[in-house]
Amino acid sequence: MAFSDRLDAMRDWLRHKWMYRKGGGGEAPGAASAGTSGSAGAAASPSSSRSMLGWLKPVIILIPLAIVAYYAVGMAIVHNVDDNPDFTVPAADIPKGGSEAVAVAAALVDREVNQHSWTANDPFFQPGWALDNMPNFQQGIITALGRFSFELMDQLGRLRGSSEADPDLAAANGRLQYPGDVWLWNPSKSLALKSSSESQYREAREHLLAYNQRLSKGDAIFDRRADNLMATLDRFAADMGSASAATDEHIEKNAGVWIDTRADDLFYFNKGRLYAYYVIMKALGDDFSQVIKERNLENAWGQMLASLRQGVELEPWVVVNGAPDAQFQPSHLAAQGFYLLRARVQLREITDILLK
């Protein structure tokens, strides 16, 4: 056999061997080709499905990652526990003859609602919904401002309780008592639209500013008497006592729990309350400077403010509710409660002096 014939035979053997591996078996080449073509057609549909799944898989993975990134980045941008103890109102923004404490209260509302984002009522599709510390801090601020606005309406803004309540102060007080977690719509409670917390607080601010303008013109009352200051401080002290009781109850029931998800809520709520009282009472010290000087209260007033400031400046990375006598586990609530009670005792000392 010639060499070329041997090469042809080897080529035919390899061709038949390949067709056998593809499923042609011993069929004729034409039949094998037809079978192979039919198999390819039958496999076309599963191949298309696999191709579709190929590009769906990254999408399925990326969607939850995008959601996590949206909340993580958004929370980092929105989060702002603004506990600056040196917060003041520029003198140019306080009407001549107006109240510095009223101006500070209005400025605090403006800062938390207009300059920062009010997060306590954020719906689920906003990053602030996932925040924890900032909403509680803001709620604590509004709680203290609500207490102060009541004292303005009931004591400081009227003559010995015999006159009618100032309309702007009454309106501001009513709006500052509005819950802080109300959004425009909550279908779980009602299908009707509601006034949001922000809108109520903005209106309260406008009424406080209007009152201060009227006060500067002599059309409103801010009675700077010692007994008015005493009554106001008594109410502040009572509110601090309520905060202390809530802290004590939580420590008693949950102290020593390593993962206490409610400890930081209470800590930052109290922090916001103490902060608002600190900046308001610092301003009240200027409003009642004559009374404080006449009663020799400068040192006592300064010590009370120092205690409030120390309580405000507590800022642990993680709020831990350890037992008060724990060796290694801190009790941040107990530390905060100490400064809260110390300031409350000093307030009582000041009111005792004012009573004499």
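Residues numbered from 1 in each chain as written. Predicted model: local features only at pLDDT ≥ 70, side-chain atom pairs only at ≥ 80, totals over all residues. Heavy atoms only, no water.

**Brief notes about a nonpolar patch on the surface**
Phase 1: Where nonpolar side chains cluster on the molecular surface, the patch consists of Trp55, Val59, Ile63 and Ile67 and spans about 400 Å² of accessible area.
Phase 2: Relative to the helices and strands, valine 59 is located in helix 3 (residues 44-78). (Patch = residues over 30% accessible without salt bridge, like charges linked within 9 Å, V, L, I, M, F, W, Y side chains within 5 Å. Areas by Shrake-Rupley, 256 points an atom, 1.4 Å probe, with all protein chains shown as cover. Salt bridge = Lys/Arg side-chain N within 4 Å of Asp/Glu carboxyl O. Helix = DSSP H or I, 4+ residues; strand = E, 2+ residues; numbered from the N terminus.)

**Describing the packing of aromatic side chains**
Phase 1: Scanning the entire structure with this criterion turns up 11 aromatic pairs.
Phase 2: With a centroid separation of 6.3 Å and an interplanar angle of 55°, the aromatic rings of tyrosine 71 and tryptophan 129 are classed as tilted. With tyrosine 71 in helix 3 and tryptophan 129 in the loop between helix 4 (100-115) and helix 5 (133-156), the pair connects residues that are 58 residues apart, well separated along the chain.
Phase 3: Overall, the relative accessible area of 17% leaves tyrosine 71 in the buried class.
Phase 4: Note on phenylalanine 338 and tyrosine 339: the rings are 5.1 Å apart at their centroids and 70° apart in plane angle, and the pair reads as edge-to-face.
Phase 5: The class of phenylalanine 338 is partly exposed, set by a relative accessible area of 47%.
Phase 6: Here the aromatic cluster, defined as three or more aromatic residues joined through ring pairs, consists of Tyr70, Tyr71 and Trp129.
Phase 7: One cation-aromatic arrangement involves arginine 111 over phenylalanine 87; the distance from NZ or CZ to the ring centre is 4.9 Å. (Phe/Tyr/Trp six-rings, centres within 6.5 Å; stacked < 30°, edge-to-face > 60°. Buried < 20%, exposed > 50% of the residue type's maximum accessible area, 1.4 Å probe, protein only. Lys NZ or Arg CZ within 6 Å of the ring centre and 35° of its normal.)

**A word on the nonpolar core**
Phase 1: Membership of the largest hydrophobic core comes to 77 residues, with the highest contact counts inside it found for Met281, Leu284 and Trp301.
Phase 2: Residues in contact with tryptophan 301, not counting those within four places in the same chain, are Leu229, Leu233, Met281, Leu284, Gly285, Ile292 and Ile350. (Core = buried A, V, L, I, M, F, W, Y, C linked by side-chain atoms within 4.5 Å. Contact = heavy atoms within 4.5 Å.)

**A closer look at the layout of surface pockets**
Over the atoms, a rolled probe matching the size of one water molecule traces out where space is still vacant.
Phase 1: For the second largest pocket, the calculated volume is near 180 Å³.
Phase 2: Here the lining of the second largest pocket gets 6 residues from one element, more than from any other, and that element is helix 4.
Phase 3: Grouping the constituent residues of the lining of the second largest pocket by class yields 7 nonpolar, 2 polar and 4 charged. (1 Å grid on protein atoms, 1.4 Å probe; cavity = no way out; pocket = protein on both sides within 12 Å on 5 of 7 lines; lining within 4 Å. Points joined across faces, edges and corners; volume = space filled by probe spheres on them. Nonpolar A, V, L, I, M, F, W, Y, C, P; charged D, E, K, R; others polar.)

**Points about the packing of helix 4 against helix 9 (residues 263-287)**
Phase 1: Contact pair helix 4 / helix 9: the axes reach a minimum separation of 7 Å and the direction vectors enclose 150°. What the angle tells us is that helix 4 and helix 9 run roughly antiparallel. Our pair here, helix 4 against helix 9, has a crossing hand that is right-handed. Of the residues in helix 9, those touching helix 4 at Glu100, Ala101, Val104, Leu108 and Arg111 are Tyr275, Ala276, Val279, Ile280, Ala283, Leu284, Asp286 and Asp287.
Phase 2: Of the residues assigned to the contact of helix 4 with helix 9, the class counts are 9 nonpolar, no polar and 4 charged. (Axes fitted to C-alpha atoms, helices over the stretch in contact; angles between N-to-C directions. Parallel < 35°, antiparallel > 145°, perpendicular 65-115°, else oblique. Left-handed = near helix turned anticlockwise from the far one by under 90°.)

**Quick word on helix 7 (residues 197-216)**
Phase 1: In this model helix 7 runs 29 Å from its N-terminal to its C-terminal C-alpha over 20 residues, within 8% of the 28 Å that 1.5 Å per residue would give.
Phase 2: Buried residues in helix 7 make contact with helix 4, helix 5 and helix 6 (167-176).
Phase 3: A positive backbone phi angle near 85° is found at glycine 218, which sits one or two residues after helix 7. (Expected span 1.5 Å × (residues − 1).)

**A short note on helix 6**
Phase 1: Those residues of helix 6 not exposed but buried are Asp168, Leu169, Ala171, Ala172, Asn173 and Leu176.
Phase 2: Packed against the buried residues of helix 6 are helix 4, helix 5 and helix 7.
Phase 3: A side-chain oxygen of the first residue of helix 6 lies 3.0 Å from the backbone nitrogen of aspartate 168; this N-cap is aspartate 166. (Polar contact = N/O pair within 3.5 Å; in protein donor to acceptor, adjacent residues only side chain to side chain.)

**Details of the side chain of histidine 116**
Phase 1: Along the chain, histidine 116 falls in the loop between helix 4 and helix 5.
Phase 2: Accessibility expressed as a relative area gives 15% for histidine 116, which makes it buried.
Phase 3: Within the structure, histidine 116 has its side chain in polar contact with the side chain of aspartate 82 (distance 3.0 Å).
Phase 4: Those residues within four positions of histidine 116 in sequence are excluded, and the remaining contacts are Asn80, Asp82, Arg111 and Met134.

**With respect to the pattern of salt bridges**
Phase 1: Taken as a whole and assessed by the stated rule, the structure comprises 18 salt bridges.
Phase 2: Where aspartate 82 meets arginine 111, a salt bridge forms, and the shortest distance between an N and an O atom there is 3.5 Å. Taken together, the positions of aspartate 82 in the loop between helix 3 and helix 4 and arginine 111 in helix 4 put the pair 29 residues apart, joining distant regions of the chain.
Phase 3: What makes aspartate 82 buried here is its relative accessible area of 18%.
Phase 4: According to the relative accessible area criterion, arginine 111 is buried, its value standing at 3%.
Phase 5: Between arginine 205 and glutamate 206 there is a salt bridge; the shortest N-O distance is 3.2 Å.
Phase 6: Salt bridges sharing partners connect three or more residues here, namely Asp82, Arg111 and Glu112.

**Quick notes on the environment of arginine 348**
Phase 1: Note that arginine 348 resides in helix 12 (residues 332-355).
Phase 2: What makes arginine 348 partly exposed here is its relative accessible area of 31%.
Phase 3: In contact with arginine 348, not counting residues within four places along its chain, are Asp234, Ala237 and Ala238.

**Topic: the environment of leucine 340**
Phase 1: Here leucine 340 shows up in helix 12.
Phase 2: On a C-alpha basis, the gap between leucine 340 and serine 244 in space is 7.1 Å, while along the polypeptide they are 96 residues apart.
Phase 3: Not counting residues up to four positions away in its chain, the partners in contact with leucine 340 are Met240, Ala243, Ser244 and Leu274.

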